[in-house]
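In case you want the letters, here they are:
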Amino acid sequence: MPSPNTNETSLVEMAVSGVITTPAVRPGQYIPHPDGRATVLPGMYGITYNVRCGDRAFGWAGDHVEPGVSIDDDADSGRHHALHYLNCIGNEAMVTSGMATGERGIVVGEHARILVQFSPEAHEVMAPGDRIQVMTKGQGLALTDYPGVALKKMSPRLFHAMGITENAGRLHVNVAMELPVRIMGSGAELNSEYVDQDLMSGDRALMAELGIDQMHLGDLIAIRHADHHWGRSYRENAVSICLCIHGDSIMTGHGPGILTLMTAREGNIDFAFDASANIAQLLNIGA
(Lines give C-alpha, C1' and ligand atoms only; values in the text may rest on other atoms or scores of the structure.)
Protein backbone atom coordinates (compact mmCIF):
# COMPACT_ATOMS: atom_id res chain seq x y z
CA MET A 1 0.00 0.00 0.00
CA PRO A 2 1.27 3.53 -0.75
CA SER A 3 2.25 6.14 1.80
CA PRO A 4 -0.05 9.17 2.14
CA ASN A 5 1.02 12.46 0.58
CA THR A 6 2.35 15.19 2.87
CA ASN A 7 3.48 18.80 2.64
CA GLU A 8 6.97 17.87 3.84
CA THR A 9 8.73 19.99 1.21
CA SER A 10 7.06 23.11 2.63
CA LEU A 11 8.26 22.67 6.21
CA VAL A 12 10.60 25.15 7.86
CA GLU A 13 13.67 23.80 9.66
CA MET A 14 14.83 25.99 12.54
CA ALA A 15 17.31 25.78 15.41
CA VAL A 16 16.21 26.08 19.03
CA SER A 17 18.31 25.35 22.10
CA GLY A 18 18.11 24.66 25.79
CA VAL A 19 20.33 23.54 28.63
CA ILE A 20 20.39 20.27 30.52
CA THR A 21 18.38 20.76 33.70
CA THR A 22 19.01 19.48 37.19
CA PRO A 23 16.54 17.31 39.11
CA ALA A 24 14.07 19.48 41.04
CA VAL A 25 12.89 18.43 44.50
CA ARG A 26 10.77 20.69 46.70
CA PRO A 27 11.33 20.72 50.49
CA GLY A 28 9.35 17.93 52.09
CA GLN A 29 8.88 16.27 48.74
CA TYR A 30 6.85 13.19 49.61
CA ILE A 31 4.93 11.56 46.75
CA PRO A 32 1.64 10.06 47.99
CA HIS A 33 0.52 6.54 47.11
CA PRO A 34 -3.23 6.06 46.52
CA ASP A 35 -3.47 4.29 49.89
CA GLY A 36 -2.01 7.25 51.76
CA ARG A 37 1.59 6.08 52.13
CA ALA A 38 4.22 8.50 50.91
CA THR A 39 7.79 8.24 49.67
CA VAL A 40 10.62 10.19 48.05
CA LEU A 41 11.54 9.00 44.57
CA PRO A 42 13.74 10.22 41.67
CA GLY A 43 12.29 10.78 38.24
CA MET A 44 12.03 14.08 36.41
CA TYR A 45 14.70 16.35 34.90
CA GLY A 46 18.46 16.02 34.66
CA ILE A 47 20.44 13.17 33.09
CA THR A 48 19.18 9.60 33.42
CA TYR A 49 21.96 7.08 32.93
CA ASN A 50 20.21 3.72 33.05
CA VAL A 51 16.75 4.31 31.53
CA ARG A 52 16.43 4.57 27.75
CA CYS A 53 13.81 4.27 25.03
CA GLY A 54 12.89 0.63 24.65
CA ASP A 55 13.18 -0.03 28.40
CA ARG A 56 10.14 -0.88 30.52
CA ALA A 57 7.75 1.89 31.55
CA PHE A 58 6.65 0.09 34.74
CA GLY A 59 8.65 -1.30 37.63
CA TRP A 60 11.24 1.41 38.29
CA ALA A 61 11.84 2.70 41.82
CA GLY A 62 11.04 6.15 40.49
CA ASP A 63 8.16 8.45 39.55
CA HIS A 64 7.60 9.85 36.02
CA VAL A 65 11.07 8.54 35.07
CA GLU A 66 12.36 10.18 31.88
CA PRO A 67 14.76 8.56 29.40
CA GLY A 68 17.77 10.51 28.18
CA VAL A 69 18.50 14.10 29.18
CA SER A 70 15.95 16.77 30.05
CA ILE A 71 16.48 20.23 28.54
CA ASP A 72 14.78 23.59 28.98
CA ASP A 73 15.36 27.30 28.49
CA ASP A 74 14.15 30.24 30.59
CA ALA A 75 10.77 29.03 31.86
CA ASP A 76 9.48 32.59 32.08
CA SER A 77 10.19 33.50 28.47
CA GLY A 78 9.08 32.69 24.95
CA ARG A 79 12.26 30.63 24.56
CA HIS A 80 10.76 27.95 26.79
CA HIS A 81 7.64 27.75 24.65
CA ALA A 82 9.59 27.83 21.38
CA LEU A 83 11.58 24.84 22.64
CA HIS A 84 8.34 23.01 23.43
CA TYR A 85 6.16 23.93 20.48
CA LEU A 86 8.75 23.71 17.69
CA ASN A 87 10.32 20.40 18.74
CA CYS A 88 9.05 17.21 17.15
CA ILE A 89 9.79 13.59 17.99
CA GLY A 90 12.71 12.36 15.89
CA ASN A 91 14.37 15.78 15.46
CA GLU A 92 18.17 15.69 15.58
CA ALA A 93 19.99 17.41 18.44
CA MET A 94 23.63 18.37 18.97
CA VAL A 95 25.59 19.22 22.10
CA THR A 96 27.17 22.68 21.72
CA SER A 97 28.95 23.07 25.07
CA GLY A 98 30.73 20.95 27.66
CA MET A 99 32.72 17.74 27.43
CA ALA A 100 30.25 16.11 25.02
CA THR A 101 30.38 18.95 22.47
CA GLY A 102 29.60 17.66 18.98
CA GLU A 103 27.69 14.57 20.10
CA ARG A 104 24.37 14.06 18.31
CA GLY A 105 21.12 12.68 19.65
CA ILE A 106 17.39 12.44 18.99
CA VAL A 107 14.35 14.10 20.57
CA VAL A 108 12.39 11.25 22.16
CA GLY A 109 9.73 13.04 24.19
CA GLU A 110 8.16 16.17 25.60
CA HIS A 111 7.29 16.25 29.28
CA ALA A 112 7.70 19.29 31.53
CA ARG A 113 10.98 19.52 29.61
CA ILE A 114 12.17 18.29 26.21
CA LEU A 115 13.69 14.79 26.37
CA VAL A 116 16.70 14.04 24.17
CA GLN A 117 18.55 10.75 24.04
CA PHE A 118 22.25 10.46 23.18
CA SER A 119 24.62 7.50 23.34
CA PRO A 120 25.35 6.11 26.83
CA GLU A 121 28.95 7.26 26.41
CA ALA A 122 27.84 10.83 25.72
CA HIS A 123 25.51 10.82 28.75
CA GLU A 124 28.43 9.87 30.98
CA VAL A 125 30.36 13.08 30.21
CA MET A 126 27.41 15.49 30.09
CA ALA A 127 26.60 17.84 32.94
CA PRO A 128 23.67 20.04 33.92
CA GLY A 129 24.04 23.38 32.16
CA ASP A 130 25.47 21.93 28.95
CA ARG A 131 23.67 23.46 25.99
CA ILE A 132 21.82 21.35 23.43
CA GLN A 133 20.75 22.67 20.02
CA VAL A 134 17.85 20.99 18.24
CA MET A 135 17.28 21.22 14.51
CA THR A 136 13.50 21.37 14.65
CA LYS A 137 11.37 20.24 11.74
CA GLY A 138 7.79 18.96 11.67
CA GLN A 139 5.47 21.61 13.04
CA GLY A 140 2.99 22.21 10.25
CA LEU A 141 3.38 18.72 8.79
CA ALA A 142 0.04 17.68 7.27
CA LEU A 143 -1.49 14.91 5.19
CA THR A 144 -2.65 16.69 2.06
CA ASP A 145 -5.44 14.21 1.29
CA TYR A 146 -6.69 13.80 4.88
CA PRO A 147 -7.74 17.21 6.22
CA GLY A 148 -9.56 15.54 9.13
CA VAL A 149 -6.36 13.93 10.41
CA ALA A 150 -3.95 16.08 12.41
CA LEU A 151 -0.26 15.31 12.96
CA LYS A 152 1.21 16.47 16.28
CA LYS A 153 4.89 16.60 17.27
CA MET A 154 5.62 14.43 14.23
CA SER A 155 8.95 14.92 12.46
CA PRO A 156 9.23 13.76 8.85
CA ARG A 157 11.87 11.29 10.03
CA LEU A 158 9.44 9.64 12.44
CA PHE A 159 6.57 9.77 9.93
CA HIS A 160 8.58 7.80 7.37
CA ALA A 161 9.98 5.40 9.99
CA MET A 162 6.46 4.50 11.16
CA GLY A 163 5.63 3.14 7.71
CA ILE A 164 2.17 4.72 7.59
CA THR A 165 0.17 3.58 4.56
CA GLU A 166 -3.24 4.34 3.05
CA ASN A 167 -5.94 2.30 1.38
CA ALA A 168 -9.46 3.28 0.28
CA GLY A 169 -9.41 6.54 2.22
CA ARG A 170 -8.10 5.05 5.44
CA LEU A 171 -4.69 5.21 7.09
CA HIS A 172 -2.90 2.22 8.57
CA VAL A 173 -0.25 2.28 11.31
CA ASN A 174 1.36 -0.33 13.54
CA VAL A 175 1.25 0.12 17.32
CA ALA A 176 2.58 -1.83 20.29
CA MET A 177 -0.71 -1.76 22.23
CA GLU A 178 -4.10 -0.13 22.67
CA LEU A 179 -5.21 1.83 25.75
CA PRO A 180 -8.89 2.18 26.74
CA VAL A 181 -9.89 5.83 26.83
CA ARG A 182 -11.45 5.38 30.27
CA ILE A 183 -8.00 5.16 31.92
CA MET A 184 -6.61 8.39 30.46
CA GLY A 185 -6.02 10.97 33.20
CA SER A 186 -3.82 13.97 34.02
CA GLY A 187 -3.01 16.12 30.99
CA ALA A 188 -6.47 16.06 29.41
CA GLU A 189 -6.62 19.77 30.20
CA LEU A 190 -3.51 20.58 28.13
CA ASN A 191 -3.38 21.25 24.41
CA SER A 192 -2.00 18.35 22.43
CA GLU A 193 1.08 20.20 21.16
CA TYR A 194 2.27 20.90 24.71
CA VAL A 195 3.27 18.13 27.12
CA ASP A 196 1.69 14.69 27.48
CA GLN A 197 -1.26 12.96 29.11
CA ASP A 198 -0.80 10.30 31.79
CA LEU A 199 -2.74 7.10 31.83
CA MET A 200 -4.12 6.23 35.27
CA SER A 201 -2.23 3.15 36.46
CA GLY A 202 -3.48 2.93 40.05
CA ASP A 203 -5.61 -0.16 39.36
CA ARG A 204 -2.70 -2.60 39.16
CA ALA A 205 -4.95 -5.62 38.55
CA LEU A 206 -6.42 -3.89 35.50
CA MET A 207 -2.94 -2.98 34.23
CA ALA A 208 -1.95 -6.65 34.39
CA GLU A 209 -5.25 -7.90 32.93
CA LEU A 210 -4.94 -5.63 29.87
CA GLY A 211 -1.17 -6.16 29.52
CA ILE A 212 -0.55 -2.45 29.96
CA ASP A 213 2.10 -3.16 32.60
CA GLN A 214 4.21 -4.56 29.74
CA MET A 215 4.45 -1.14 28.07
CA HIS A 216 7.86 0.17 27.08
CA LEU A 217 9.20 3.70 26.81
CA GLY A 218 9.01 4.64 23.14
CA ASP A 219 6.06 2.37 22.35
CA LEU A 220 3.51 3.57 19.80
CA ILE A 221 0.04 3.46 21.34
CA ALA A 222 -3.52 3.60 19.94
CA ILE A 223 -6.53 5.04 21.80
CA ARG A 224 -10.07 4.75 20.41
CA HIS A 225 -12.70 7.42 21.11
CA ALA A 226 -9.95 9.96 21.90
CA ASP A 227 -9.96 13.23 19.96
CA HIS A 228 -6.67 15.09 20.40
CA HIS A 229 -7.20 17.94 17.96
CA TRP A 230 -7.38 20.85 20.42
CA GLY A 231 -6.85 19.05 23.70
CA ARG A 232 -7.55 15.50 24.78
CA SER A 233 -11.23 14.70 24.99
CA TYR A 234 -13.70 11.86 24.46
CA ARG A 235 -15.31 11.66 21.03
CA GLU A 236 -17.13 8.57 19.82
CA ASN A 237 -15.21 6.74 17.04
CA ALA A 238 -12.24 9.13 17.03
CA VAL A 239 -8.77 7.52 17.01
CA SER A 240 -5.48 8.89 18.30
CA ILE A 241 -1.98 7.44 17.86
CA CYS A 242 0.43 8.32 20.65
CA LEU A 243 3.90 7.67 22.08
CA CYS A 244 4.91 6.53 25.58
CA ILE A 245 7.47 9.11 26.72
CA HIS A 246 7.95 8.64 30.48
CA GLY A 247 7.59 5.97 33.12
CA ASP A 248 4.94 5.04 35.66
CA SER A 249 3.80 7.09 38.64
CA ILE A 250 2.38 6.20 42.05
CA MET A 251 0.35 9.44 42.15
CA THR A 252 -3.43 9.16 41.89
CA GLY A 253 -4.54 10.04 38.35
CA HIS A 254 -1.05 9.55 36.93
CA GLY A 255 0.99 6.85 35.22
CA PRO A 256 3.17 6.49 32.10
CA GLY A 257 2.97 9.58 29.86
CA ILE A 258 1.41 9.41 26.39
CA LEU A 259 2.31 12.07 23.79
CA THR A 260 -0.01 12.71 20.81
CA LEU A 261 1.33 12.00 17.31
CA MET A 262 -1.81 11.58 15.14
CA THR A 263 -5.51 12.12 15.70
CA ALA A 264 -8.54 11.45 13.49
CA ARG A 265 -11.87 12.85 14.60
CA GLU A 266 -13.78 10.64 12.15
CA GLY A 267 -11.75 7.57 13.09
CA ASN A 268 -10.20 6.91 9.69
CA ILE A 269 -7.03 5.45 11.20
CA ASP A 270 -6.76 1.66 11.40
CA PHE A 271 -4.04 0.00 13.45
CA ALA A 272 -2.47 -3.40 13.89
CA PHE A 273 -0.37 -4.68 16.76
CA ASP A 274 3.37 -5.12 16.40
CA ALA A 275 5.59 -5.50 19.45
CA SER A 276 8.46 -3.81 17.59
CA ALA A 277 6.46 -0.57 17.12
CA ASN A 278 8.83 1.40 19.33
CA ILE A 279 10.96 4.39 18.39
CA ALA A 280 14.07 2.70 19.80
CA GLN A 281 13.82 0.33 16.83
CA LEU A 282 12.15 2.65 14.31
CA LEU A 283 14.73 5.43 14.81
CA ASN A 284 17.63 3.10 15.68
CA ILE A 285 18.29 4.76 19.03
CA GLY A 286 18.49 1.77 21.36
CA ALA A 287 21.26 1.02 23.81
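First, a word on scope: everything that follows refers to the structure included in this document. Here the structure is a predicted model, which is why all the values come from computation and not from measurement. (Residues numbered from 1 in each chain as written. Predicted model: local features only at pLDDT ≥ 70, side-chain atom pairs only at ≥ 80, totals over all residues. Heavy atoms only, no water.)

## Thoughts on helix α1 (residues 78–86)
Convention followed: Relative accessibility under 20% of the residue-type maximum defines a buried residue, over 50% an exposed one, and the middle range a partly exposed one, all with a 1.4 Å probe and only protein chains included. What counts as a helix is a DSSP run of H or I of at least four residues, what counts as a strand is a run of E of at least two, and both are numbered from the N terminus. Our arc is simply the arc of the directions from the helix axis toward the C-beta atoms. We call two residues contacting when some pair of their heavy atoms lies within 4.5 Å. Whenever a nitrogen or oxygen atom comes within 3.5 Å of another N or O atom, the pair is scored as a polar contact, on the condition that within protein one atom can donate a hydrogen and the other can accept it, and that pairs from neighbouring residues in sequence are kept only if both atoms are in side chains.
By the burial criterion, the buried members of α1 are His80, Leu83 and His84. Buried residues of α1, seen end-on, are gathered within an arc of 90° and therefore sit on one face of the element. Where α1 is buried, its residues contact β1 (14–20), β4 (69–72), β6 (104–110) and β7 (114–117). One side-chain oxygen of the residue at the start of α1 lies 3.1 Å from the amide nitrogen of Arg79, identifying that residue as Ser77.

## With respect to the layout of surface pockets
Our working rule: Here the term cavity refers to a set of points on a 1 Å grid, laid over the protein atoms alone, in which a 1.4 Å probe fits but cannot get out; the term pocket refers to an open set having protein on both sides within 12 Å along at least five of seven lines, with lining residues being those that place an atom within 4 Å of a point. Grid points are joined across faces, edges and corners, and a volume is the space filled by probe spheres set on the points. Residues are grouped as follows: Ala, Val, Leu, Ile, Met, Phe, Trp, Tyr, Cys and Pro are nonpolar; Asp, Glu, Lys and Arg are charged; every other residue, Gly included, is polar.
Roughly 870 Å³ of internal volume is contained in the largest pocket. If you trace the largest pocket, you find 40 residues lining it, with Gly43, Met44, Asp63, His64 and His111 closest to the centre. Of the residues contributing to the lining of the largest pocket, the split by class is 21 nonpolar, 13 polar and 6 charged.

## Brief notes about the nonpolar core
Rule in force here: By nonpolar core we mean a set of buried residues, namely Ala, Val, Leu, Ile, Met, Phe, Trp, Tyr and Cys, connected to one another through side-chain atoms within 4.5 Å.
Met154, Met162 and Met262 are the most contacted members of the largest nonpolar core, which has 53 residues in total. Residues within four places of Met262 in sequence aside, it is in contact with Val149, Ala150, Leu151, Met154, Met162, Ile164, Leu171, Val239, Ser240, Ile241 and Ile269.

## Remarks on the sheet that holds strand β17 (residues 269–273)
This is how the line gets drawn: Note on pairing: two strands pair once DSSP finds at least 2 bridges between them. An axis is simply a line fitted to the C-alpha atoms; with a helix, the fit covers only the stretch in contact. Between two such axes, the angle follows the N-to-C directions and lies from 0 to 180 degrees.
Taken together, the 3 strands give an open sheet; going across it, the order is β10-β11-β17, and neighbouring strands pair in mixed fashion. Sheet topology places β10 (165–167) and β17 at the edges, where each strand pairs with a single neighbour. Within the sheet, the average angular offset between the axes of one strand and its neighbour, ignoring direction, is 35°.

## What to know about unusual backbone geometry
Located in the positive-phi region is Tyr45, a residue other than glycine, with phi close to 75°. Inspection of the secondary structure assignment puts Tyr45 in the loop between β3 (38–39) and β4. Even without glycine at this site, Ala168 takes up a positive phi of about 55°. You can see Ala168 is positioned in the loop between β10 and β11 (170–175). The class for Ala168 is exposed, based on a relative accessible area of 75%.

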